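Next come the chains, spelled out residue by residue.
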Amino acid sequence: MPHPEHAPEPIRADPHLTDTEADAEARRIIADAYRPLPETPTAYRDTTPLPAYGSALPVAQPDRRIVPAWAAGTAVAGIGVGATCVGVGCGIWLACQGFAAVTLASVLFVTLPIAALAAVVTSIGSAVRSVKTTHAETHHHYTGPVYQDQRNVHTTTRGVWAKTTNEQC
């Protein structure tokens, strides 16, 4: 909104002006339009140094993860299971290193059931966790009018060069 001092004056209601009056009115309107506005700061930077620590309360920083928590937990558990299996396998291999009849294939054969059991336990834990989160109740709070669009759109794509046809029902 323009500042009251710099708002152009309203045009007079009398449509019959003389050439001199019209010229003066045009000059006045142009002068009002190009009159410089008062200098108003649009930004401010506080250059005082910030304290290393102070008495200010912590600021809440909302969590905006892209990956769901259950997926991250499953990934971390999978990495842990893999590292454990590698460690156990290497330990068994090193323990069996002294036996001439033991081969790498036999060590892998011994560690395979351990890795399979760990993978099954991890997948069961992940499934239980995801079942628990499916029953989470979600509430939506709206302010103002809400419009629900309940139209159905049927899409058909045909041909070597795809042609998509959308039909609204």
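Parameters at a glance
Residues numbered from 1 in each chain as written. Predicted model: local features only at pLDDT ≥ 70, side-chain atom pairs only at ≥ 80, totals over all residues. Heavy atoms only, no water. Buried < 20%, exposed > 50% of the residue type's maximum accessible area, 1.4 Å probe, protein only. Helix = DSSP H or I, 4+ residues; strand = E, 2+ residues; numbered from the N terminus. Pairing = 2+ DSSP bridges. Contact = heavy atoms within 4.5 Å. Salt bridge = Lys/Arg side-chain N within 4 Å of Asp/Glu carboxyl O.

**Q** Let's hear about the pairing of strand 2 (residues 163-168): which residues, and what values?
**A** In terms of burial, strand 2 is a largely surface element, zero of the six residues being buried. Of the pairings in the sheet, the one linking strand 1 (residues 153-158) to strand 2 comprises six bridges and is antiparallel in character. By the bridge assignment for strand 2, Thr157 is matched with Thr164. Two successive antiparallel strands, strand 1 and strand 2, enclose a turn made up of four residues, where Gly159 displays a positive phi of approximately 100°.

**Q** Outline the side chain of Ser126, listing residues and values.
**A** For Ser126, the position within the fold is in helix 3 (residues 104-134). You can call Ser126 buried: its relative accessible area is 12%. Apart from the residues within four sequence positions on either side, Ser126 is in contact with Trp70 and Thr74.

**Q** Residues and numbers for the pattern of salt bridges, please.
**A** Applying the stated criterion across every chain yields a total of four salt bridges. Note that Arg27 is salt-bridged to Asp23, the shortest N-O span being 3.3 Å. Here Asp23 and Arg27 lie together in helix 1 (residues 19-33), a separation of four residues that amounts to about one turn. Where Arg28 meets Asp32, a salt bridge forms, and the shortest distance between an N and an O atom there is 3.0 Å. Placement of both Arg28 and Asp32 in helix 1 is noted, with a separation of four residues, approximately one turn of the helix. Here Asp32 falls in the buried class, since its relative accessible area comes to 11%. Salt bridges sharing common partners tie together Glu25, Arg28, Asp32 and Arg35.

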